[in-house]
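Now for the letters of each chain:
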Amino acid sequence: MVKQEFKAESKRLLEMMINSIYTQREIFLRELISNASDAIDKIYYKALTDDNIAFNAADYFVKITADKENRTLTLADTGIGMTREELETNLGVIAKSGSLSFKKENESKDGHNIIGQFGVGFYAAFMVADRVTVTSRALGSAEAFQWESEGADGYTIVPADKAAVGTEIVLHIKPNTEDDNYDEFLEEYRLRAIVKKYSDFIRYPIKMDIKGQRPKADAAEGAEPEFESYVEEQTINSMVPIWRKNKSELTDADYEQFYHEKRYGFDKPLKHIHISADGAVVYRAILYVPESTPFDYYTKEFEKGLELYSNGVLIMDKCADLLPDYFSFVKGMVDSEDLSLNISREMLQHDRQLTLIAKNIKNKIKSTLLSLLKDERDNYEKFYKSFGRQLKFGVYGDYGMNKDVLQDLLLFHSSKENKLVSLDEYIARMPEDQKFIYYASGSSIERIEKLPQTELVSDKGYEILYFTDDIDEFAIKSIMTYKEKTFKSVSSGDLGIEPDADDDKPEAEEAGSKALFEQMQTLLGGKVTKVKASKRLKSHPVCLTSEGELSIEMEKILSAMPNNENVHAEKVLEINVNHPVFQSLKEAAEKDNEKLNLYTQLLYNQALLIEGLPIQDPVAFTNDICKVMV
Ligand code: ADP
């Protein structure tokens, strides 16, 4: 008997497989089961066109048998089998299955992990076995052959006896070592768990002899029950996955059960999406919009992604490429026949099918969320409470590239309705003379409601969006305009509102009291870029506003960040010239410079407090108040 050498490439891969430490050795079973299932598929397709072959479903299955005494694990299938030549070419070379190019790409990286996630084929058997014997009889052949190998050395092929068409693979399981336990691959419960994990949805039954104990039937009444062992053949896989079923066959409860079975979350999902696409790319998917935020959602630890199946076989737990970051909350799975099992992570990124699927999924999620917003407002608001922040990050991220996808999904608290409104709803009820979409920022709704800057806009009867999330104003700056309306902060220099015709005082004082305002600015020593007569204040004496791109709210957020670059908003101190305080200022300016300084500092510090900004010297501030009192 002449031992044949493996082709050079095969030898390298084999050595790598055998010598590396695999965290996921268990995937050998997935690989062998997938091969067996493919082999049965081949008979099935032949039977479709060849009347001489009867395809009787009951005859086609995979059987797994563990023999602890002899340390063998046997996988027998009733598939199409292999001829001598096929044993030689299929099991003697592996380059053609794509495994080799995959190996080269990943050799220096976290190779063992990737091997766990992607197909490596038949050779995975050598991760757990030191000898593999394959006996096969091809369809239409009276002869059978036996292929055997102990790994890198090579293999032998000899004639053999096999009654039925199909393939039987015997793995001689390695002995345990100090570090590695191989016994587990002879344990019934362990094998069953591996099949469930990776191969639950293989179309054909995967059978195992399950041993059990039962009370003896003929035990005498009243006597201690006697037990007997029995062996029963069971099918361990569920075969038809829920995503292959018709939507009409399934209830909400079915989808919910799948969500929990898969441990996508512990909550009750708000919405499921069942996709069955037969267009440019063929795939099925079940996606979920969860209700509550996972505890690690807004941390670095959170990993987005969907489970990826290739034709019913799990190839990846979390395929990140299937979800944009702004929809990272979506859970679920995708199954496509167009994806190869032997695909590396790098190849996956450039896979055209996968890109198409991802694009499809993105659109589907968007339209689902939009209809949730339209038809199930309460549920949408629940969703928004959990994940709205992520959508806003999405608008802001990537230089605003995704704002078109996301802007219709945003909600903000409204001054008018005291509840969340969409931008669309805001625009729809804008009075005709209103030119801008107004917003006010602050740490809470209660605080914003009291901001003096909102006075003029509210008096006009215009609605104001309340921004309480630190990302809000940044996100809005990325959107800039929505349906041709520009966003405007109530604290911005020009509000775009014509002052009341009967109130020309600010205008007049701006010119008439120019010297006073300049003097006040000097007294504040560069803390503000301007002091001016306010056109927006009605009852409050004073407020701070900003000129330029950076608002005071944004300054607050940026300066709270680590490594902040000490950015400052251009602040303007606005004085209400209709307020009696203005008269006091004027009088002080005429008679008593010290008093003017005192009043100016007080007003400035008050404006800071209203804005929620810290005052530089609180002791001086309280002393100043006392000076006014005595
Ligand atoms: P891949 O499955 O990716 O092609 P493998 O190394 O797993 O690579 O298998 C190589 C080839 O061997 C398969 O393509 C198939 O033709 C053949 N083969 C493997 N297992 C079986 C089996 N149980 N029955 C019939 N053919 C098989």
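Keep in mind that this is a model prediction, so the values were computed, not measured. (Residues numbered from 1 in each chain as written. Predicted model: local features only at pLDDT ≥ 70, side-chain atom pairs only at ≥ 80, totals over all residues. Heavy atoms only, no water.)

Novice: Describe the overall build of the chain, with residues and values.
Specialist: Scanning the chain from terminus to terminus reveals 21 helices and 22 strands. The C-alpha atoms of the chain give a radius of gyration of 36 Å, which is well past the 25 Å a tight globule of 630 residues would have. Each principal axis of the C-alpha distribution contributes one length, and for the chain these read about 120 × 60 × 50 Å. Contacts spanning at least 24 positions in sequence make up 70% of the contacts within the chain whose residues lie at least 6 apart. Where the 79 positive side-chain charges of the chain centre and where its 108 negative ones centre are 2 Å apart. (Helix = DSSP H or I, 4+ residues; strand = E, 2+ residues; numbered from the N terminus. Rg over C-alpha atoms; globule rule 2.2 N^0.38 Å. Contact = heavy atoms within 4.5 Å. Lys, Arg positive; Asp, Glu negative; His and termini not counted. Charge placed at Lys NZ, Arg CZ, Asp CG, Glu CD.)

Novice: Quick rundown of the nonpolar core? Include the residues and the values.
Specialist: Residues F327 and I361 are the most contacted members of the largest nonpolar core, which totals 71 residues. Among the elements that make up this core, the one with the highest residue count is helix α9 (residues 352-375) (eight residues). If you count residues domain by domain, this core takes at least three from each of domain 2 (242-380) and domain 3 (410-489). (Core = buried A, V, L, I, M, F, W, Y, C linked by side-chain atoms within 4.5 Å. Buried < 20%, exposed > 50% of the residue type's maximum accessible area, 1.4 Å probe, protein only. Domains from an automatic or database assignment.)

Novice: Can you break down helix α20 (residues 593-611) residue by residue, with the values?
Specialist: The terminal C-alpha atoms of α20 lie 27 Å apart, and with 19 residues this matches the ideal 27 Å at 1.5 Å per residue to within 8%. Buried within α20 are the following residues: L596, L598, Y599, T600, Q601, L602, L603, Y604, N605, A607, L608 and E611. Its buried side turned inward, α20 meets α17 (514-523), β21 (542-547), α18 (552-560), β22 (570-575), α19 (580-591) and α21 (618-629). Capping the start of α20 is the job of one residue whose side-chain oxygen sits 3.1 Å from the backbone nitrogen of E594: D592. Downstream of α20 by one or two residues, G612 has phi in the positive range, about 80°. (Expected span 1.5 Å × (residues − 1). Polar contact = N/O pair within 3.5 Å; in protein donor to acceptor, adjacent residues only side chain to side chain.)

Novice: Any chance you could break down the environment of Y255 for me, citing the residues and the numbers?
Specialist: Relative to the assigned elements, Y255 resides in helix α7 (residues 252-261). Considering only alpha carbons, one finds Y255 and S441, 186 residues apart in sequence, at a separation of 41 Å. Filtering out sequence-adjacent residues up to four positions away, Y255 remains in contact with I242, K247, L250, H272, H274, I286 and Y288.

Novice: Can you explain a nonpolar patch on the surface? Please cite residues and give values.
Specialist: Nonpolar side chains collect at one region of the surface, where Y44, Y45 and L48 lie side by side and expose about 320 Å² of accessible area between them. Looking at the secondary structure, you find Y44 in helix α2 (residues 27-49). (Patch = residues over 30% accessible without salt bridge, like charges linked within 9 Å, V, L, I, M, F, W, Y side chains within 5 Å. Areas by Shrake-Rupley, 256 points an atom, 1.4 Å probe, with all protein chains shown as cover. Salt bridge = Lys/Arg side-chain N within 4 Å of Asp/Glu carboxyl O.)

Novice: Please provide a residue-by-residue account of the domain arrangement of the chain, values included.
Specialist: Assigned domains of the chain: these are domain 1 (8-235), domain 2 (242-380), domain 3 (410-489) and domain 4 (505-629). Just the C-alpha atoms count here: the centres of domain 2 and domain 3 sit 34 Å apart.

Novice: Outline the sheet that holds β22, supporting the account with residue identities and numerical values.
Specialist: On the basis of which strands lie adjacent, the open sheet formed by three strands has the order β20-β22-β21 and mixed pairing. Both outer strands of the open sheet, β20 (530-533) and β21, are each paired with one neighbouring strand and no more. Sheet twist, expressed as the average angle between the axes of neighbouring strands with direction ignored, equals 35°. Direction of pairing for β21 relative to β22: antiparallel, over a ladder of six bridges. For C543, the partnering residue across the bridge sits in β22 and is E574. (Pairing = 2+ DSSP bridges. Axes fitted to C-alpha atoms, helices over the stretch in contact; angles between N-to-C directions.)

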